[in-house]
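Residue strings, one per chain:
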Amino acid sequence: MAWSPVHLPSYVAGEAVTTGRALEVRYPWDDSLTGSASLIGPEHLESAITTALAFPNELLTRRDRHDILRRAAVLLAERRDEFAALITRETGLAIREAKYETTRSSDVLDFAAMEALRDDGRIFSCDITPNGRPRKVFTSRYPVKLVGAITPFNHPLNQVVHKLAPAIAAGAPVLLKPSDRTPLTALKFAEVLYEAGLPGPMLSLFVGGIDDIVTPMITDDRVEIVTFTGSVEIGKSIARTCGYKRICLELGGNSPLIVLEDADLDLAAKLAAEGSFRNSGQRCTAVKRILVQESILDAFTARFVDLVRREYPGGDPEDPATVVGTVIHAPAAVELQRRVEAAVAMGAKVLLGNGRRGALLEPTIIANVPREAEMVACESFGPLAPIIPIRDLDDAISYYNAGPFGLSGGVVTNDLSLAMKACKELRAGTTNINEVPGYRLELTPFGGTRDSGLGVKEGVVEAIKFFTHEKTWSLPW
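Note that the coordinates shown come from a computational prediction; the quantities given were computed from them, not determined experimentally.

### Concerning empty space enclosed by the protein
1) Next: With the rule as written, the count across this model stands at two cavities of 30 Å³ or more.
2) Next: Within this model, the largest cavity holds a volume of roughly 50 Å³.
3) Next: If you trace the largest cavity, you find it lined by His 162, Lys 163, Thr 227, Cys 248, Val 456, Lys 457, Glu 458, Ala 463, Phe 466 and Phe 467.
4) Next: Contributing elements (two or more residues each) for the lining of the largest cavity: α5 (158-170) and α15 (460-466).
5) Next: For the lining of the largest cavity, the per-class residue count stands at five nonpolar, two polar and three charged.
6) Next: As a volume, the second largest cavity reaches approximately 30 Å³.
7) Next: As for the second largest cavity, its lining consists of Leu 164, Ile 168, Ala 172, Val 174, Leu 193, Leu 198, Met 202 and Leu 203.
8) Next: Here the lining of the second largest cavity is composed, by residue class, of eight nonpolar, no polar and no charged.

Structure representation (structure tokens):
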């Protein structure tokens, strides 16, 4: 079926804004027009801020917030195919990945609705010490006055929902600027939230320039919190720019999958393929280094290459048989290919893939990659699977911990003592045993340290806490 371009306004406090200036979005597969989004100006940003701050958000009860989120979940489920098609047209991700993303987003809405009803206030008795008094101390939470959020291209729906659903559950108003590569899915989701009953002043979702919109938004003293998901370079720039306010940065990962000699090799090959090639390798928790113990290197590599050749075809993202679609645009694919060629010049060997057509890069397996190669020293955001030999778990831990990242890792082993050692010693926010590095529920805490973030966790429960202040008060008892 022929695609009809989608032309959307930005939304300022629930009102559609069309300025005559628009950002075009093109389909990475064939560069055809996916649609456009209207760009706002500084006057619209000011309106979004003042309207949000004037709105009496305390009138939204926990039940109100729950009901809005539940209605949004129902509406998203009804429009799942529409959203998946738009995600694919914006990102070039395989349609099966786009559909999966919509189900993850539904989970976020459902979990946030549940948590909106939960009162996590605490009570402390004060007569437990000789210095105490007959009093009780209580805690309660209240929302921050305004959130500024910036989301990336790689999960154009789920990343947006991860910012908005917890904020709604907390009762905090949000200004959200999505990626210029994928604004249309975010704008469509804003429409869902308004239809579900979210008051307009609680959400402004828009596109605009760095200098006239983004920097003023994150530096404005009235914006109490900034939450950003994206690259290390931009995240650090935001941290330097936005000043004295609470910040959540969810940055790069460069995650390892460590395969030890006692591992189930069929499981290891499957985890390596899923971790490296799902979402075209464009996930902060994707497998970016496959660290394989030398004694099983040949056996693992043979299974891995055979599995990927059979079950991970790249191609037309709208074809249901395609497993690996494009990366976000052709220049990204060119850069990934350059990194492969640089590693080959250092002694690595391409075992599978590395063919390119525009933004489509074949799933690529590279053996004997030197540890200092740019492909693995930096996060290579695409469908590359570099294999690096290791002596043992100590060697893998030392190698990973010496690097700048600290987001996630996976270890394939059936030895409980080695599994526990990895969980304790890998300097990562998450370590998964016999699973891909990025496994989690949308409810559970996730996030990293060092170049992967500031240690502030996301996930629905932690994000709700982040979007609120805890107040302590006491009464005679």
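That was the structure; now back to the text.
### Section: the side chain of Thr 139
1) Next: Mapped onto the secondary structure, Thr 139 falls in strand β7 (residues 135-143).
2) Next: For Thr 139, a relative accessible area of 8% corresponds to the buried category.
3) Next: At a separation of 2.8 Å, a polar atom in the side chain of Thr 139 contacts the main-chain amide nitrogen of Arg 122.
4) Next: Polar side-chain contacts of Thr 139 include one of 3.4 Å to the side chain of Glu 470.
5) Next: The contact partners of Thr 139, leaving out residues within four places of it in the chain, are Gly 121, Arg 122, Phe 124, Glu 470, Lys 471, Thr 472 and Trp 473.

### Considering the packing of aromatic side chains
1) Next: Inspection of the entire model under this criterion finds eight aromatic pairs.
2) Next: Geometrically, the ring pair formed by Phe 277 and Phe 304 is stacked, given 6.4 Å between the ring centres and 10° between the ring planes. In this pair, Phe 277 sits in helix α9 (residues 265-277) while Phe 304 sits in helix α10 (residues 297-311), placing the two residues 27 residues apart along the sequence. Take Phe 277 and Phe 304: they sit in the same class, and that class is buried.
3) Next: Each ring, one from Phe 300 and one from Phe 304, has its centre 5.5 Å from the other, and the planes form 25°; the classification is stacked. With a gap of four residues between them, Phe 300 and Phe 304 both fall in helix α10, about one helical turn apart.

Cut-offs used in this document
- Each residue is numbered by its place in its chain's sequence as written, counting from 1.
- It should be noted that, the model being predicted, local features are given only for residues of pLDDT at least 70 and side-chain atom pairs only at 80 or more, the latter also being counted only at that level, while totals for whole chains, interfaces and linings use all residues.
- Note: side-chain values were computed over all heavy atoms of the structure, leaving out hydrogens and water.
- Using a 1 Å grid laid over the protein atoms alone, points where a 1.4 Å probe fits but cannot get out form a cavity; open sets with protein on both sides within 12 Å along at least 5 of 7 lines form a pocket; any residue with an atom within 4 Å of a point counts as lining.
- Grid points are joined across faces, edges and corners, and a volume is the space filled by probe spheres set on the points.
- Helix and strand labels come from DSSP, where a helix needs a run of H or I of at least four residues and a strand needs a run of E of at least two; each type is numbered from the N terminus.
- All amino acids are sorted into three groups, where Ala, Val, Leu, Ile, Met, Phe, Trp, Tyr, Cys and Pro are nonpolar, Asp, Glu, Lys and Arg are charged, and the leftover types, Gly among them, are polar.
- To sort residues, take the accessible area from a 1.4 Å probe on protein chains only and compare it with the maximum for the residue type: under 20% means buried, over 50% means exposed, and anything in between is partly exposed.
- We define a polar contact as two N or O atoms separated by no more than 3.5 Å, with the added condition that, inside protein, one atom must be a possible hydrogen donor and the other a possible acceptor, whereas residues neighbouring each other in sequence contribute only through side-chain atom pairs.
- Whether two residues are in contact is decided by their heavy atoms, any of which lying within 4.5 Å being enough.
- When two rings of Phe, Tyr or Trp (its six-membered ring) have centres within 6.5 Å they constitute a pair, described as stacked for plane angles under 30 degrees, edge-to-face for angles over 60, and tilted for the intermediate range.

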